[in-house]
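Structure assessment
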Amino acid sequence: NCIIHALRSRCDAILVGSNTVLSDDPLLTTRYVPSSRPLLRMVLDRSLRLPLACQLVRTAGQSPLWVFANKTTLSAQRKKVQALQSAGVHLEALKQVQSPLPQLLNWLWSRKATHLLVEPGPTLAQVFLSQGYADRVWIFDSPMEIDQPDAPQAAKVNYPQIAEVNLDGDVLREYLNPASEVYFAAVPSADFVLARGPAS
């Protein structure tokens with residue numbers, strides 16, 4: 001989707017969870033549009049389930065990749081840690097706390113990264129939403145049905161819907177978190193306006 005790649009190009013970092021890597025094998029790079037800044041690729045993988053053969057690991061030498069895993073997991077899986085490091089993966093140890101998000105976000109802040117794009121599965125999405133760390137949410141609603149009884153359900157968003165646009169049959173909706181420190185008005189974000197285009 002060109003819109004998602006355009007959004008990635010305006011972000012400092014992109015984050016997925018280990019379930020997304022295992023199910024989708026993403027690359028997490030910017031394609032189709034020029035990128036205005038280097039994109040930090042990040043995986044929250046507390047149990048270090050990242051396959052050595054996945055695209056992220058195979059391209060770690062060309063586009064940097066940071067993996068966040070529990071400190072105890074890194075100590076227990078020395079061989080895998082060495083294999084990942086040999087492939088060029090950067091590993092960051094997470095403290096044994098209930099939520100890793102404050103440590104992860106502080107790590108980003110220390111690197112002057114202020115615009116994080118999270119492309120989550122249901123589990124990671126719920127973590128960000130329930131703990132109030134999502135400033136805004138984009139949801140693509142497609143008329144295509146997934147004929148799989150075990151297909152994951154989208155996380156429930158309790159933020160007010162601010163904007164909506166039809167994109168060739170798919171509907172993109174934007175929700176803003178009124179409790180966010182960066183919230184200033186119930187108007188579409190700049191990224192949404194750019195995605196919508198002048199004709200919408």
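As shown above, the structure is provided for reference.
Note that the structure is predicted; figures quoted are calculated from it, not measured.

What follows concerns the sheet that holds strand β5 (residues 116-118). Within the open sheet, the five strands sit side by side as β4-β3-β2-β1-β5. Their pairing is parallel. Of all the strands in the sheet, the pair left with one neighbour each is β4 (90-94) and β5. Neighbour-to-neighbour, the strand axes of this sheet turn through a mean angle of 25 degrees, independent of strand direction. Of the pairings in the sheet, the one linking strand β1 (residues 13-17) to strand β2 (residues 40-44) comprises five bridges and is parallel in character. Considered in β2, the bridge of Gly17 is made with Leu44. The sheet contacts of helix α6 (residues 101-110) involve β1, β2, β3 (65-70), β4 and β5, and relative to β2 the element is tilted by about 170 degrees.

The next subject is the sheet that holds strand β6 (residues 136-141). The strand order β6-β8-β7 describes an open sheet built from three strands, whose pairing is antiparallel. The open sheet terminates on both sides in strands that have one partner only, identified here as β6 and β7 (161-167). With direction set aside, neighbouring strand axes in the sheet form an average angle of 15 degrees. Here six bridges tie β6 to strand β8 (residues 170-176), and the two strands are oriented antiparallel to one another. Of the residues in β8, the one forming a bridge with Val137 is Tyr175. Helix-sheet contacts for helix α1 (residues 2-9) involve β6 and β7, and the interaxial angle to β6 is about 165 degrees.

Ranked by size, the top nonpolar core spans 31 residues in total, and within it Val43, Leu48, Leu50, Leu65, Val67, Val89 and Leu91 carry the most contacts. Counting only elements with at least two residues in this core, the list comes to α1, β1, α3 (55-58), β3, α5 (78-86), β7 and α8 (190-196). In this structure Val89 touches Val57, Ala60, Leu65, Val67 and Leu84, once residues within four positions along its chain are discounted.

To continue, consider the environment of Leu56. Relative to the helices and strands, Leu56 is located in helix α3. In this structure the C-alpha to C-alpha distance between Leu56 and Leu27, which are 29 residues apart in sequence, comes to 5.6 Å. Other than its neighbours up to four places away in sequence, Leu56 contacts Val21, Pro26, Leu27, Leu28, Arg41, Val43 and Leu65.

For the rest of this paragraph, the subject is α6. For α6, every residue scored as buried is listed here: Leu101, Leu104, Trp107 and Leu108. Projected down its long axis, α6 carries its buried residues within an arc of 125 degrees, all on one side. What points out from α6, more than 90 degrees from its buried face, is the exposed set Asn106 and Trp109. Those residues of α6 hidden inside the fold are in contact with β1, β2, β3, β4, β5 and α7 (122-130). Where α6 terminates, the next one or two residues include Lys112, which has phi positive at roughly 60 degrees.

Glancing now at the pairing of β2. Counting buried positions along β2 gives five out of five residues, so the element sits mostly inside the fold. In β2, alternate side chains face the same way, and those of Leu40, Met42 and Leu44 on one face and Arg41 and Val43 on the other are all buried.

This next bit is on unusual backbone geometry. The backbone phi angle of Asp25 is positive, close to 50 degrees, even though this residue is not glycine. Topologically, Asp25 is positioned in the loop between α2 (18-24) and β2. A residue is classified by how much of its surface remains accessible, and Asp25, at 29% relative accessible area, is partly exposed.

Our focus in this paragraph is the pattern of salt bridges. Within this structure, the stated rule accounts for six salt bridges. We note a salt bridge from Glu174 to Arg136, for which the minimum N-O separation is 3.9 Å. Taken together, the residues Glu174 in strand β8 and Arg136 in strand β6 connect sequence positions 38 residues apart. The partner of Asp141 in a salt bridge is Arg173, with the nearest N and O atoms 3.2 Å apart. Pair noted here: Asp141 is in strand β6 and Arg173 is in strand β8, with a separation of 32 residues, a long-range link. Relative accessible area serves as the criterion here: at 37%, Asp141 is assigned to the partly exposed category. Put simply, Arg10, Arg136, Glu174 and Asp191 are held in one network by salt bridges that share partners.

Cut-off values and rules
- Residues numbered from 1 in each chain as written.
- Predicted model: local features only at pLDDT ≥ 70, side-chain atom pairs only at ≥ 80, totals over all residues.
- Heavy atoms only, no water.
- Pairing = 2+ DSSP bridges.
- Helix = DSSP H or I, 4+ residues; strand = E, 2+ residues; numbered from the N terminus.
- Axes fitted to C-alpha atoms, helices over the stretch in contact; angles between N-to-C directions.
- Contact = heavy atoms within 4.5 Å.
- Core = buried A, V, L, I, M, F, W, Y, C linked by side-chain atoms within 4.5 Å.
- Buried < 20%, exposed > 50% of the residue type's maximum accessible area, 1.4 Å probe, protein only.
- Arc of directions from axis to C-beta.
- Salt bridge = Lys/Arg side-chain N within 4 Å of Asp/Glu carboxyl O.

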